[in-house]
Amino acid sequence: MKKKNFAILFRRTMAVTIMCMLSSFLIFSQNITVKGKVIDVNKEPLIGVTIQVQNTSVGTITDIDGNYILPNVPSNAKLEVSYVGMKSQIIEVGGRTSIDVILETDTELLDEVVVVAYGTQKARSVTGAMSRINTDELVDMPVSNITQKMQGKFAGVQILNNSGEPNGNLSIRVRGQASINAGNNPLVVIDGFPSSSGLETLSPDEIESISILKDAASTTLYGSRAANGVILVTTKQGRSGKTEITFNANYGIQDVSSRGMPDVMNAREFAQFKKEYYEDAQKYEGKTTPVPEQYANPASVSEGTDWYKVLLRTANSQNYNLGLQTGTDVVKSSVNLNYNSTEGTIINSYANRFSVRSNNEFKASDRIIFGMNLSASYIDRQVQDGIGIDRQIIGSAFLMDPALKYKNEDGTYPISYSPPGMFGNANYYLVLRDRQNPAKTIRGTVNTYAQVELAEGLKYRISANADMGNFRQERWVPSYVSGGMFSAPPNPAYGSYNTFNYENWLVENTLTYQKTFNEVHDFDVLLGYSAQKSKDISSTINASNYPSDEIGFFNAAQTKVGSGGKSAWSMLSWLSRFNYEYMNRYILSFSYRRDGSSRFGANARWANFPSFSAGWVASEEGFLKDVNNLSFLKLRASWGKVGNNNIGNYTSIASVNNNNYVLDGTIVPGRQLGNIGNNNLTWETTESWNIGADVSLYKDRVFFMYDYYNKVTNGLLYQIDIPYSSGFSNIQSNIGEFRFWGHEFTLQTKNLTGAFKWSTDFNITFDRNKAVKLGTNDTPIGGYNNQVDYNRTAVGKPLGMFYGYVYDGVYMTQEEYDSQPKHASSTVGTVRMKDINGDKKIDSADKTFIGNPNPDFLYGLTNSFSWNNFDASVVISGSVGNDIMDATYEWTENIDAVFNVRKEVAERWRSVENPGKGNIPRTLTGSTELFRYTNSRWVFDGSYLMVKNLTLGYKVPLKSNPFIKSLRFYLTAQNLLTLTKYPGMNPEVSRSGTGGLSFYGVDHTSYPVSRIYTAGINVSF
């Protein structure tokens, strides 16, 4: 009986349980409609809040009253509630059909910790001028060099992609800074260690964030190396309680746009020009040389060879990156492995890079932390030396007679060419294919540190850092590609073997104290001492007299000549910083560094670099608390001094050279003084002040930043004249002064924040500069020669101005010639330059300033979009008001018929009856040189707008699984569009990069910049 009752009870219990489970299942498996209202902590309704079912595309936004209705919601789903300026929430539905939400203000943007010199600081407390970007904002740009991702992203920073060499360096100039002899490159600091290797050895995927410090207040703690600005790079670190594995891969195709390629004649046009050249020489000069046979019948000539395109190819690029970040309360670790392979669009050029980084931190106790960061990179690269400068490989190739063939009908290759009336030349396709000069670079860095908390808020940190590198290059030039223009192959084969090794170590000791008193007084104090030493050694073996072209290693040569060099420098420094903040609204900061360097004279080895800055968070004041739509307002001001120590290691010391003497009729080896030393030689010093404002509006939907700076660099290194009685004509000294000033604007907006999101980042920079003092007599720098001397820096003028003759057309008739000022070589039909000084003749005294390579303003614009699982972005950068000098006109308008020439030459002046268009003079022997002197005809408006990157991405919606966290595919196009009036290929071209003086803004040919089309994948595990 008991068993029967128990069975009945059991069955009833199971039935009830099953019914409950079924009802629960039905409740939680059916889709429901969820309604509700979203308000802030002040009970004000929020408009445009996004409510989305997690991991789906189902979503909606709140209306004007903060209400929302969301149908088709699984009853067991989670809702993501997000709004700009508010903290996001994830809410479990749990079968509810009515869910109200209260969102709190998100102060993360203001409380975000940013990397500054020797530490970190809340963004709201920064009083110096700096710009920062996280690299997750740049993930869609698959490039080998992080600098390419930085273009157009920072106000006050000019970045020029002046060469398209694979894994090549870009030129960076912060706030227009320039020097005569001490370099203009900013200091690169990687994880606190001033780097010798720069940015090109880093994989962009291993970088967490980049900060650029621009004013003296933010750079003072780097003292004598900070005048050109400082780039702080922070690499990825592990985080406690979080493990993430990421894999990124992309494959790209590169080509060179035909826009701006040299506009030279084809074979038929060139044959016609050559024919007319010989005919005019016979008619007007009495010459008897007949028209060469190959030019006698231009109509029968085909278009021939495009020598520029012969050197090009469609190239591939690929990149693979594997990252691991993990951590516990005791150990944090980040490991990154990267392989990048980039073919150049010029044949037989490439760059392959392997890099690895491991960042590790160990918490030994609550007060003791140890850390070690290790990195290594290997770069295998080949680009022919001088490929894109002057009349070397590229410049000589497109000046070739286009009727010549680079490849014979039988598949063999000509070695050289000697067309009638032209210079002998090489087959540059063969030169690029068979010359070898692979360069291999191995670099490694070690950063170790230990930190001990001695008392609450008081921490001592010691770090030891080392950077070591080895560069090795083998060069082999067989006889059949030895030579070039003016010296056609074959010539004796030659080779070389070059090595360069460096070691750079740094030990730093710092003591920091951070404390808040009475909840309103915040103190942050830093004291430090550092010691650094760098040394390098180089060697070169030049080889010649090879028995054949079979073996190219230098040891096979019969003649080998070696040379080498060795140098070192060291520096000791004391540093300190005091930050004080009262009530989160009044901020003061004082920094000081004292550097002593072996590079400078015995009487001037130490220098002091102080700075002071202040900030006022006005939005915390009571009278602004109730201002509608004002989220944040901070006013900033700073003053300080920094230096530039890039003068070479032994400039202050007198040098000794080898010299032979005659004693008793016999030549004996000896020594002589090479130059006079200067015990007072010291660093260039830049004193600057900066005022700025940071404004956030509409609950952080609009952020605006403004800075005005004014700085003076004095003590510029300059050669000054001294009496010849000293035995020398000049001595290196600190006499020179430049002034720089400008405005910087940054605007960041979140335009749409609903299901369709759209944000914009815009920056614009107005930089100005002027030379104030040059040596003892204010003697201008540059512009003295008629050719290959394009820039002049003079007191009272912007730096690096173009200098030359003012082109004024052609003497079209005898009447024009008789009535106009003339050059000694002038006649009817020759070029006419303006008589600037009014003395009725044309000579070097008529040279003047003919252009300005410094832009009126620079700008960058980034638009980012997302909708459901799609995302897109467009990056634009540009420059307005700068001039470019196309110095290739010196060759492509050489009308002596020794080179191929521009198509316009066909419309030159030939006679009064056939005057052409009045732009190109006649080919009369002895009258053409003036047309090849630097003149304003070569100067063009260099303003441009470039679409640097266009990306379309799709994030695959994944169901919850233990393997893949996220999966995204994307397509990108780089350098997609260029809008400019400059007729050359690259409006960012500049032979000297951003040097600011000689060759700044000069196009002397360069390695072409490619368009890149890429497909990629991002996977997170």
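In the block above lies the structure referred to throughout.
Attention in this report is confined to the structure presented alongside it. It should be emphasised that the depicted structure is a prediction, and the values quoted were computed from it without experimental measurement.

## Focus on the sheet that holds strand E41 (residues 801-804)
Inference 1: Strand order across the open sheet formed by 3 strands is E40-E41-E44, with antiparallel pairing between neighbours. The open sheet has two edge strands, strand E40 (791-792) and strand E44 (848-851), and neither has a second partner.
Inference 2: When E41 meets E44, the two strands line up antiparallel, connected through 3 bridges. Residue Phe802 lies in a different strand from E44, and its bridge partner there is Gly851.

## Points about the packing of aromatic side chains
Inference 1: For the coordinates displayed, the defined rule picks out 42 aromatic pairs.
Inference 2: Ring centres of Tyr308 and Phe398 lie 6.3 Å apart, and the angle between their planes is 45°; this geometry places the pair in the tilted category. Of the two residues, Tyr308 sits in helix H6 (residues 307-310) while Phe398 sits in the loop between helix H7 (393-397) and strand E22 (416-417), which places them 90 residues apart along the sequence.
Inference 3: Members of the aromatic cluster, each reached through a chain of ring pairs, are Phe704, Tyr706, Phe745, Phe766, Phe857 and Tyr859.
Inference 4: One Lys or Arg, Arg433, reaches over the ring of Tyr413 and ends 4.8 Å from the middle of that ring.

## Focus on the side chain of Ser1006
Inference 1: Among the secondary structure elements, Ser1006 is positioned in the loop between strand E51 (1002-1003) and strand E52 (1011-1020).
Inference 2: Once you skip the residues sitting within four places of it in the chain, Ser1006 turns out to touch Asn162, Gly388, Ile394 and Val989.

## Considerations on unusual backbone geometry
Inference 1: Pro490 follows Pro489 through a cis peptide bond whose omega is 5°.
Inference 2: As for its placement among the helices and strands, Pro490 is situated in the loop between strand E25 (458-477) and strand E26 (494-517).
Inference 3: Non-glycine residue Asn167 carries a positive phi angle of around 55°.
Inference 4: Its location among the elements puts Asn167 in the loop between strand E11 (157-160) and strand E12 (171-174).
Inference 5: Backbone geometry places Met583, a non-glycine residue, at a positive phi of 55°.

## Quick word on the environment of Asp536
Inference 1: As for its placement among the helices and strands, Asp536 is situated in strand E27 (residues 521-544).
Inference 2: Residue contacts for Asp536: discarding those within four places in its chain leaves Phe500, Asn501, Tyr502, Gly565, Lys566 and Ser567.

## What to know about the nonpolar core
Inference 1: Counting 33 residues, the largest nonpolar core has Leu311, Ile346, Ile387, Ile394, Phe398, Tyr428 and Leu432 as the members making the most contacts within it.
Inference 2: At the level of elements, H6, H7 and helix H8 (428-434) are the ones that each hand at least two residues to this core.
Inference 3: Broken down by element, this core gets its largest block of residues, 5 residues, from H8.
Inference 4: Apart from the residues lying within four places of it in its own chain, the contact partners of Tyr428 are Trp307, Leu311, Gln392, Ile393, Ser396, Ala397, Met400, Gly484 and Met485.
Inference 5: Judged by nonpolar contacts, the second largest core, of 23 residues, contains Phe273, Met422, Ile920 and Phe931.

## Let's talk about helix H5 (residues 267-285)
Inference 1: Taking 1.5 Å per residue as the helical rise, H5 with its 19 residues ought to reach 27 Å, and the 26 Å between its terminal C-alpha atoms agrees with that figure.
Inference 2: Taken together, the buried positions of H5 are occupied by Ala267, Phe270, Ala271, Phe273, Lys274, Lys275, Glu276, Tyr277, Tyr278, Asp280 and Ala281.
Inference 3: Of the residues flanking the start of H5, the one acting as N-cap is Asn266, its side-chain oxygen 3.1 Å from the backbone nitrogen of Arg268.

## Remarks on the pairing of strand E21 (residues 368-382)
Inference 1: Here strand E20 (residues 350-363) pairs with E21 via 14 bridges, running antiparallel. Looking across to E21, one finds that Glu361 is bridged to Gly371.
Inference 2: Counting the residues in the hairpin turn of E20 and E21 gives 4 residues.

## As for the pattern of salt bridges
Inference 1: The tally for this structure, following the rule as stated, stands at 40 salt bridges.
Inference 2: For Asp694, the salt bridge is made with Arg636, and the minimal N-O distance between the two is 3.1 Å. Of this pair, Asp694 sits in strand E34 (residues 684-697) while Arg636 sits in strand E31 (residues 630-644), and the two are 58 residues apart along the sequence. Each member of the pair, Asp694 as well as Arg636, is classed as buried.
Inference 3: With its nearest N and O atoms 2.7 Å apart, the salt bridge here joins Asp871 to Arg968. Of the two residues, Asp871 is situated in strand E46 (residues 870-880) and Arg968 in strand E50 (residues 966-980); the sequence distance between them amounts to 97 residues.

What counts, and at which threshold
Residues numbered from 1 in each chain as written. Predicted model: local features only at pLDDT ≥ 70, side-chain atom pairs only at ≥ 80, totals over all residues. Heavy atoms only, no water. Pairing = 2+ DSSP bridges. Helix = DSSP H or I, 4+ residues; strand = E, 2+ residues; numbered from the N terminus. Phe/Tyr/Trp six-rings, centres within 6.5 Å; stacked < 30°, edge-to-face > 60°. Lys NZ or Arg CZ within 6 Å of the ring centre and 35° of its normal. Contact = heavy atoms within 4.5 Å. Core = buried A, V, L, I, M, F, W, Y, C linked by side-chain atoms within 4.5 Å. Buried < 20%, exposed > 50% of the residue type's maximum accessible area, 1.4 Å probe, protein only. Expected span 1.5 Å × (residues − 1). Polar contact = N/O pair within 3.5 Å; in protein donor to acceptor, adjacent residues only side chain to side chain. Salt bridge = Lys/Arg side-chain N within 4 Å of Asp/Glu carboxyl O.

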